[in-house]
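# Results of the structural survey
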Amino acid sequence: DGGITQSPKYLFRKEGQNVTLSCEQNLNHDAMYWYRQDPGQGLRLIYYSQIVNDFQKGDIAEGYSVSREKKESFPLTVTSAQKNPTAFYLCASSLRAGNNYGYTFGSGTRLTVV
Amino acid sequence: GQNIDQPTEMTATEGAIVQINCTYQTSGFNGLFWYQQHAGEAPTFLSYNVLDGLEEKGRFSSFLSRSKGYSYLLLKELQMKDSASYLCAVRDRKSNDYKLSFGAGTTVTVRA
């Protein structure tokens, strides 16, 4: 079955540590996205990529980095420069030209700073 | 960017009807989506509107008025499992960029 997989489901980070969240899809989607969700707030766009080896900053890119070396994979690194990283992170993918269901979402990674 | 507004919370009784409104402002409207999200889980697709009018899908219906920048999601015959957050999202077509912008979500609580 096609889908989008995020790992790990839960992640704990120490102060000053970089961590990488994994996102893999086998839907043959061109576009992939990373969103952050905080309590009482909507999904805020961190980074997105429409094709391999290209990506753009979203609304809250500071303190994050991404790569898109393969179509299937779009990992997100939360760096020590991100001052408030505790949040629920969602990865999504879609056909580049859009469709009538929007995104397919992964199951999310909950990151907590300890 | 887009300004997408929806109420923060709504409460209704099992078996009743609830209407969640969403207003938006965008320069290149290319569709409006509603997603359901249970706590700690990923959003799941409910409905899509790109033309004016009502789309009905079982107990859920969604309406769009592009001239008013307005949509609503109607949930009928409410069940306890409908307690969740409902996200309104707008797709804006700019330079072949089809990313979605999301409202803050409306938390619906269904009471027995």
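Structure shown above.
Parameters at a glance
Residues numbered from 1 in each chain as written. Chains lettered and ligands numbered in written order. Predicted model: local features only at pLDDT ≥ 70, side-chain atom pairs only at ≥ 80, totals over all residues. Heavy atoms only, no water. Helix = DSSP H or I, 4+ residues; strand = E, 2+ residues; numbered from the N terminus. Contact = heavy atoms within 4.5 Å. Buried area = accessible area lost by both parts, 1.4 Å probe. Salt bridge = Lys/Arg side-chain N within 4 Å of Asp/Glu carboxyl O. Polar contact = N/O pair within 3.5 Å; in protein donor to acceptor, adjacent residues only side chain to side chain. Pairing = 2+ DSSP bridges. Axes fitted to C-alpha atoms, helices over the stretch in contact; angles between N-to-C directions.

### Details of unusual backbone geometry
- Cis geometry marks the peptide bond from Ser7(A) to Pro8(A), where omega comes out at -5°.
- Within the chain, Asn53(A) stands out as a residue other than glycine whose phi angle is a positive 65°.
- Residue placement: Asn53(A) occurs in the loop between strand 5 (43-51) and strand 6 (54-57).
- With phi around 45°, Glu77(B) is a residue other than glycine that occupies positive phi space.
- Looking at the element boundaries, Glu77(B) is found in the loop between strand 8 (70-75) and strand 9 (84-92).

### Digging into the interface of chain A and chain B
- With 24 residues of chain A at the contact, the number on the chain B side is 19 residues.
- When chain A packs against chain B, the two sides together hide about 1600 Å² of surface, and 57% of this comes from carbon and sulfur.
- At the junction of chain A with chain B, the criterion picks out 0 salt bridges.
- Connecting chain A to chain B are 4 residue pairs in polar contact (both at pLDDT 80 or more).
- Elements represented by at least two residues in the side of chain A that touches chain B include exactly strand 4 (31-37), strand 5 and strand 9 (87-94) of chain A.

### Description of the sheet that holds strand 6 (residues 53-57) of chain B
All names here are of chain B.
- Strand order in the open sheet formed by 5 strands is 1-3-8-7-6, and the pairing between neighbours is antiparallel. Edge strands, defined here as strands with exactly one partner in the open sheet, are strand 1 (3-5) and strand 6. Within the sheet, the average angular offset between the axes of one strand and its neighbour, ignoring direction, is 15°.
- Across 5 bridges, strand 6 lies against strand 7 (residues 60-65) in antiparallel orientation. Counted as the bridge partner of Leu54 is Phe63 from strand 7.

None of this, on its own, says anything about what the molecule does.
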